[in-house]
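Structural features, examined
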Amino acid sequence: MKIRPTTPADYSDMLRIWESAVKATHDFLKEEDFLFFKEQLAVNFFPQVETYLLLDDQEQPVAFIGVHGDMLEMLFVDDAMRGKGIGRYLIGYAIHELKITKVDVNEQNSQAAGFYEKMGFRVTSRSELDGMGKPYPILHMELEK
């Protein structure tokens, strides 16, 4: 596996990965909100953070992360690759190489919240609305020191 910084040329692969991951893990998301977020990704979200693409042994994109400062903003793994240690690999990279210490996660995405807890993050606070003002509660988590 190889991690490299992304370019706008990678956005189509990132959108494919995002869609696969979200459809598998975000069953609480209304269809209209799914479409809204999908439309925003390449225009407003990807350019605002440092993004890194994970390539498998055949150089195919299978996951990506996005960070801003010490905050993990995105971690998405293609659904076909879930359960193979890719998320653990990426979070390790984000913690050790990119020095992230914080992550926000949808409260309804219990798999992700549990994953981050296993990786050493603890809930420090909760917001009733997400960053776009939509009714998806967010857990604010920090890495235990």
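Let us look at the structure shown here.

1. What to know about unusual backbone geometry
The phi dihedral of Glu-59 falls on the positive side, at around 65°, and the residue is not glycine. Along the polypeptide, Glu-59 turns up in the loop between strand S2 (50-55) and strand S3 (61-68). On the basis of relative accessibility, which here comes to 45%, the residue Glu-59 falls in the partly exposed class.

2. Some thoughts on the nonpolar core
Counting residues in hydrophobic clusters, the biggest one holds 26 residues, and the most contacted among them are Leu-72, Ile-91, Ile-100, Tyr-116 and Phe-121. The greatest single-element share of this core, amounting to five residues, is contributed by helix H3 (residues 86-96). Residues Tyr-11, Met-14, Ala-21 and Val-49 belong to the second largest nonpolar core, which totals 19 residues.

3. Regarding the pattern of salt bridges
The tally for this structure, following the rule as stated, stands at 11 salt bridges. The shortest N-O distance in the salt bridge between Arg-82 and Asp-79 comes to 3.2 Å. A salt bridge links Arg-126 to Glu-107, with the shortest nitrogen-to-oxygen separation between them at 2.7 Å. Residue Arg-126 is found in strand S6 (residues 121-127), and its partner Glu-107 is found in the loop between strand S5 (102-106) and helix H4 (110-118); the two are separated by 19 residues along the sequence.

4. Side note on helix H1 (residues 11-25)
Each α-helix winds once per 3.6 residues, and so residues spaced three or four apart point in a common direction. If you check H1, its first and last C-alpha atoms are 21 Å apart, about what 15 residues at 1.5 Å a residue would give, namely 21 Å. Buried within H1 are the following residues: Tyr-11, Met-14, Ile-17, Trp-18, Ala-21, Val-22 and Thr-25. The arc that holds the buried residues of H1, viewed along the axis, is 125°, so those residues lie on one side. Exposed and oriented more than 90 degrees from the buried face of H1 are Ser-12 and Lys-23. Considering only its buried residues, H1 is in contact with helix H2 (31-45), S2, S3, strand S4 (71-77) and H4.

5. Some details on the pairing of S3
The buried fraction of S3 is high, at seven of eight residues. The pairing of S2 with S3 spans six bridges and is antiparallel. Across the sheet, the residue bridging to Thr-51 is Gly-66, located in S3. Counted along the chain from S2 to the antiparallel partner S3, the turn is five residues long, and its residue Glu-59 has a positive phi close to 65°. Bridge count for S3 against S4 is six bridges, and the pairing is antiparallel. Within S4, the position partnered with Ala-63 by the bridge is Val-77.

Definitions and limits used
- Residues numbered from 1 in each chain as written.
- Predicted model: local features only at pLDDT ≥ 70, side-chain atom pairs only at ≥ 80, totals over all residues.
- Heavy atoms only, no water.
- Helix = DSSP H or I, 4+ residues; strand = E, 2+ residues; numbered from the N terminus.
- Buried < 20%, exposed > 50% of the residue type's maximum accessible area, 1.4 Å probe, protein only.
- Core = buried A, V, L, I, M, F, W, Y, C linked by side-chain atoms within 4.5 Å.
- Salt bridge = Lys/Arg side-chain N within 4 Å of Asp/Glu carboxyl O.
- Expected span 1.5 Å × (residues − 1).
- Arc of directions from axis to C-beta.
- Contact = heavy atoms within 4.5 Å.
- Pairing = 2+ DSSP bridges.

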